[in-house]
Amino acid sequence: MIDGVGLWGGGVVAASGGLRRAYVGVFGEIDGVSFGPAPGGQLSAEQIVAHLVANDELMIQASEALLAGSPFAYYELEEDIHRPQLDALAAEQGGLRGLAALLHSTSERLCGLVDQLGLAAEAPVETHLREGFDLIVDEPLPWSRTLDLHARVHLPKHQAQLHLLRV
């Protein structure tokens, strides 16, 4: 279910401009801000940022596989499946500020790889993504399409969640 979301540049090879702009919005909600507790059952600010870091790492792996010429790449992200791992990552990084610094690093690395992809961005990647009921993908997609979903749907969703948690 990916209705209403178009390709970057009309299907042209991916570039990191839209992705970088989406991250700027996320960092505007994180950097120098205090957060309150999450409502019952929802992710905390730390968990959201840890989720984004973990997602960046998965996207970096798929991008690196494509750049290496791999005939197969795989990307899977389930929204709530890794809460204990998110908490462990937050503790490992010393909390929200450490996670934010790590997200700055992983997002920059991802954007740098995206800039290198060229035609490899159009390679199909087996994609399994579930973010609530808003975004469900279970099919091979051109990697540029998955990057577009990340920039135009996934990051803004978490940016809005972070905004609601601000104190």
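Residues numbered from 1 in each chain as written. Predicted model: local features only at pLDDT ≥ 70, side-chain atom pairs only at ≥ 80, totals over all residues. Heavy atoms only, no water.

Trainee: Help me understand the overall build of the chain, please; the structure alone is not making it clear to me.
Mentor: Secondary structure summary: the chain contains five helices and three strands in total. When its helices and strands are written in sequence order, the chain yields α-α-β-α-α-β-β-α. Taking all 167 residues of the chain together, the buried fraction comes to 47%. When contacts within the chain are restricted to residue pairs at least 6 apart in sequence, those whose partners lie at least 24 apart make up 78%. Here the chain displays about 7,800 Å² of accessible surface, and carbon together with sulfur accounts for 57% of that area. (Helix = DSSP H or I, 4+ residues; strand = E, 2+ residues; numbered from the N terminus. Buried < 20%, exposed > 50% of the residue type's maximum accessible area, 1.4 Å probe, protein only. Contact = heavy atoms within 4.5 Å. Areas by Shrake-Rupley, 256 points an atom, 1.4 Å probe, with all protein chains shown as cover.)

Trainee: What is the right way to read the packing of aromatic side chains from this model?
Mentor: The final tally for this structure, using the stated rule, is two aromatic pairs. Taken together, a centroid distance of 6.2 Å and an interplanar angle of 25° make the contact between Y23 and F27 stacked. A residue pair is termed a helical-turn pair when its members lie 3 or 4 positions apart in one helix, as Y23 and F27 do in helix α1 (residues 17–30) at four residues. Ring geometry for Y75 versus W143: centroids 5.6 Å apart, planes at 75°, classification edge-to-face. (Phe/Tyr/Trp six-rings, centres within 6.5 Å; stacked < 30°, edge-to-face > 60°.)

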